[in-house]
Amino acid sequence: MHKSYVLWALISLTACGGSESPVSDIPKKSIVQLNPNYRVELGDSTFYPSLTEQTSQVYVPVNQSASFWLRGLSDDIIASHTWSLKKQSDSGSTTDVGVTKLGGKQYEFLPSSPGQYVLESCVDKRNYNPTLPDGFFHCLYINIHAVNPEQIDVVTDKNTAIDIPASKFIDDDGMRFIDVEQPKRGVLLVDKARQTLTYRPFKDFDYLMDDMPAEVQNINVTLTNGTQTVIKTLRLTVSGTASSPACHEGNSRRIEPGAWGDEPTIIEPDECIEMDASNYSPSGRWDTIRSFNDITLFEALLGIDADSQIIRFKYPFYGHFWLSWCEGPNQCESDLWQVKTNLERSSIIEAPKLERMAPEVAEVGTVFAASANVSDGNDSELFYHWTITDISTNSVVLGNMITDSAQLDIALPSKTSDLKISVKAQGASRIVDDYYGNDSISFPERQYLHVRGDRDDAPEVVVKLNGKTYKGSDHKGEIVYFLDAEPGDSLSFDGTESIFSSASPFNHVAYYSYVRGSSPTKIVRNGTFNHTLIDNAYQAVIVCAHNDYLWTGVDGSCIEFYLR
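How each quantity is defined
Residues numbered from 1 in each chain as written. Predicted model: local features only at pLDDT ≥ 70, side-chain atom pairs only at ≥ 80, totals over all residues. Heavy atoms only, no water. Helix = DSSP H or I, 4+ residues; strand = E, 2+ residues; numbered from the N terminus. Buried < 20%, exposed > 50% of the residue type's maximum accessible area, 1.4 Å probe, protein only. Areas by Shrake-Rupley, 256 points an atom, 1.4 Å probe, with all protein chains shown as cover. Pairing = 2+ DSSP bridges. Axes fitted to C-alpha atoms, helices over the stretch in contact; angles between N-to-C directions. Core = buried A, V, L, I, M, F, W, Y, C linked by side-chain atoms within 4.5 Å. Contact = heavy atoms within 4.5 Å. Salt bridge = Lys/Arg side-chain N within 4 Å of Asp/Glu carboxyl O. pLDDT = per-residue confidence, 0-100. Disulfide = S-S within 2.5 Å. Phe/Tyr/Trp six-rings, centres within 6.5 Å; stacked < 30°, edge-to-face > 60°. Lys NZ or Arg CZ within 6 Å of the ring centre and 35° of its normal.

A. Structural view of the overall build of the chain. For the chain, the count of helices and strands is 3 helices and 42 strands. Within the chain, buried positions represent 51% of all 564 residues. When the accessible area of the chain is evaluated, it comes to approximately 25,200 Å², of which 45% is carbon and sulfur surface.

Okay, here's the thing in structure tokens:
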């Protein structure tokens, strides 16, 4: 029972909601949770032991691997840890589909056929029991759906944007886009209602002429109606439309290669330039030597093909950069092509700034309209990168999307949940070049949605701190500033009088201790917790009353104490 976001989520919570009618004589079970940082990570998602098996759902396309990583355990426990993969039948029963793997931090899952699987991770299988407070945290389970995406064909040309409705992917009016991979060239945008994709090629195919083969890109797209999730492969074909690109042999200035340390060639910001590697091995490709770590982004922004020995383009960035011709990693020619624009530093493309997004409580089963507001008066065309994460028990990324609207409709679950919405704004230039300050993507802003309405059994935390009593109902979403202490003082937090309104065997008190510069430490117990104040360091303690759900400060179930 772990919620990794609990510390920094509660810091920004606002007061809202009503109090429960407590029953004070419900007993609280004693829980001593071993290995409280035990977790498994898959990309940006994190899974923790939960109260029932197979609660976490992930979707993996057939023939694409997924790497699961074990975290938060000591080396000796990792050595005895076991991984096991089981296949689930339509009736719900499971059978082993491979030899159990003993030890190791990584489990590689590569499905060869569609089906439902369960990945089991255990530190102590013998004592695992998901129905007992002292038994659930020995193992964790992840439901994996291996799917074979149906291919959806869409054709356009390099100058034409195209709309693709959700109905083209599946005949279900309730389906909405939830996760959209981005193509190598161009951008796929989702509308506010998440019912339409728009593909915009931009100038990423400037090199593509009408007598050249069309470019084909395969992109995975995920849709959901709340109960069913499907993955489709968008096969996007883009054809050329012109006999010559914007930069061609007749209008491009040739840049000669030189040695490291030579002065770069000064160019105009709108000037076409040519770089020619014809004298080198034809099996190589261009690579950048500066802030770009991904030549793919460089190719798309300049509308070039990095495999072509002769490239022509307009360099749209501020500052100095180098290109080299390489046959492989660390196998580059000694010659360098160097250019530098004569733009002033005032021409740096600055990232837009977003206003803070306040947490909200929303009703189960409704549609929430998320909104991002630019605070610096930036009136240029912007894109918004959205990430939706379910943080109810685990931290599972539900989807990533890009919109050209500052709003996004989010269909909320039909049961008590906590969601995190993260959004970044980006200039339509799509330049990401922080080496010289040309970073058009803002810092992310986050909003926490507390989806409530189907349960009324949230506990009320009651905390005694150095003789004074604090109630969760009096401090919903508020930080309690306790500054009447000196370095070296020991502060005693006592949550044993917390009030539980249901007789769940999982009723317990959790303490989260944090000192700046370290990860939060979770202590699960029903006794007291002592914190010794450290000099010259931000530190906080959060005290929570939980049952089988990890309720938060908006429910009156947690109080955060700021200590210095």
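Moving on, there is more to tell.
B. Fine view of the sheet that holds strand E25 (residues 360–363). On the basis of which strands lie adjacent, the open sheet formed by 5 strands has the order E25-E33-E30-E27-E28 and mixed pairing. Looking at the sheet topology across the chains shown, the edges are occupied by E25 and strand E28 (396–403). Strand after strand, the sheet turns through a mean of 25° between neighbouring axes, direction not considered. Here strand E27 (residues 382–390) pairs with E28 via 7 bridges, running antiparallel.

C. Molecular detail of the sheet that holds strand E37 (residues 490–494). The strand order across the open sheet built from 4 strands is E35-E34-E37-E40, with neighbouring strands paired in antiparallel fashion. Lying at the two open borders of the sheet, with one neighbouring strand each, are strand E35 (468–471) and strand E40 (528–532). In this sheet, adjacent strand axes meet at a mean angle of 25° when their direction is disregarded. In the sheet, strand E34 (residues 462–465) pairs with E35 via 4 bridges, with the strands oriented antiparallel. Within the sheet, the bridge partner assigned to Val462 lies in E35 and is Lys471.

D. Summary view of the nonpolar core. Counting residues in each nonpolar core, the largest one holds 46 residues, and the members touching the most others are Phe169, Phe177, Leu197 and Tyr384. When near neighbours in sequence (up to four residues on either side) are disregarded, Phe169 contacts Glu150, Ile152, Ile164, Phe177, Leu197, Val221, Leu223, Lys232 and Leu234. Formed by 23 residues, the second largest nonpolar core is a distinct cluster that contains Phe47, Ala66, Phe68 and Val396.

E. Quick peek at the pattern of salt bridges. Under the counting rule described, the total for this entry stands at 19 salt bridges. The closest approach of N and O atoms between Asp307 and Arg285, which form a salt bridge, is 2.8 Å. Residue Asp307 is found in the loop between helix H3 (295–302) and strand E22 (310–314), and its partner Arg285 is found in strand E21 (residues 285–288); the two are separated by 22 residues along the sequence. Asp307 gets classed as partly exposed once you look at its relative accessible area, which sits at 44%. Note that Asp548 and Arg455 form a salt bridge whose closest N and O atoms lie 2.7 Å from each other. A residue pair is termed long-range when its members are at least 10 positions apart, and Asp548 in the loop between strand E41 (539–546) and strand E42 (558–562) and Arg455 in the loop between strand E33 (445–452) and E34 qualify at 93 residues.

F. Looking closely at the confidence of the model for the chain. In this model, the chain carries an average pLDDT of 85, and 85% of its residues clear a pLDDT of 70 or more. Here residues 1–30 is a poorly scored stretch, pLDDT under 50, and it has 93 contacts once near neighbours within four places are set aside; other chains count.

G. Representation of the state of the cysteines within the structure. This model, assessed by the stated rule, comprises 4 disulfides. Between Cys122 and Cys139 runs a disulfide, and the two sulfur atoms are separated by 2.0 Å. Its torsion about the S-S bond being 115°, the disulfide of Cys122 and Cys139 is classed as right-handed. Note that Cys122 is positioned in strand E9 (residues 115–122) and Cys139 in strand E10 (residues 139–147), a separation of 17 residues in sequence.

H. Spatial organisation of unusual backbone geometry. One non-glycine residue, Arg194, adopts positive backbone phi at about 60°. Within the secondary structure, Arg194 is located in the loop between strand E14 (187–190) and strand E15 (196–200). Positive phi values are uncommon outside glycine, yet Asn536 reaches one of about 55°. Mapped onto the fold, Asn536 is located in the loop between E40 and E41. Take Asn536: its relative accessible area is 71%, and that puts it in the exposed class.

I. How the structure looks around the side chain of Ser417. With respect to the helices and strands, the residue Ser417 is situated in strand E30 (residues 417–427). When neighbours within four sequence positions are excluded, Ser417 is seen to be in contact with Ser392, Leu449, His450, Val451, Arg452 and Tyr549.

J. Examining the pairing of E33 more closely. The element E33 is largely enclosed, with a buried count of 7 among its 8 residues. Sheet topology note: the E30/E33 ladder contains 7 bridges and is antiparallel. From the neighbouring strand, Asp418 faces E33, where its bridge partner is His450.

K. Just the side chain of Lys86, in detail. By secondary structure assignment, the location of Lys86 is in strand E5 (residues 82–88). Residues contacting Lys86, with those up to four places away along its chain left out, are Thr94, Thr95, Asp96, Val97, Gln116, Tyr117, Val118 and Glu120.

L. Representation of the packing of aromatic side chains in the model. For the structure on display, the rule yields 19 aromatic pairs. A ring pair is formed by Trp286 and Trp337, whose centres lie 4.8 Å apart and whose planes are at 75°; its orientation type is edge-to-face. Separated by 51 residues along the polypeptide, Trp286 in strand E21 and Trp337 in strand E24 (residues 337–341) bring together distant segments of the chain. Owing to a relative accessible area of 0%, Trp286 belongs among the buried residues under this scheme. Through a chain of ring-to-ring contacts, the aromatic side chains of Tyr470, Phe493, Tyr511, Phe529 and Phe561 assemble into a single cluster. Of note, Arg185 hangs over the ring of Phe205, and the distance from its end group to the ring centre comes to 6.0 Å.

M. Molecular detail of the environment of Leu449. With respect to the element layout, Leu449 can be found in strand E33. Take Leu449: its relative accessible area is 0%, and that puts it in the buried class. Beyond its immediate stretch of four places on either side in the chain, Leu449 contacts Glu360, Phe368, Leu412, Ser417, Asp418, Leu419 and Ile421.

N. Spatial organisation of the environment of Phe506. Following the sequence through the fold, Phe506 ends up in the loop between E37 and strand E38 (508–515). Judged by relative accessible area, which is 7%, Phe506 ranks as buried.

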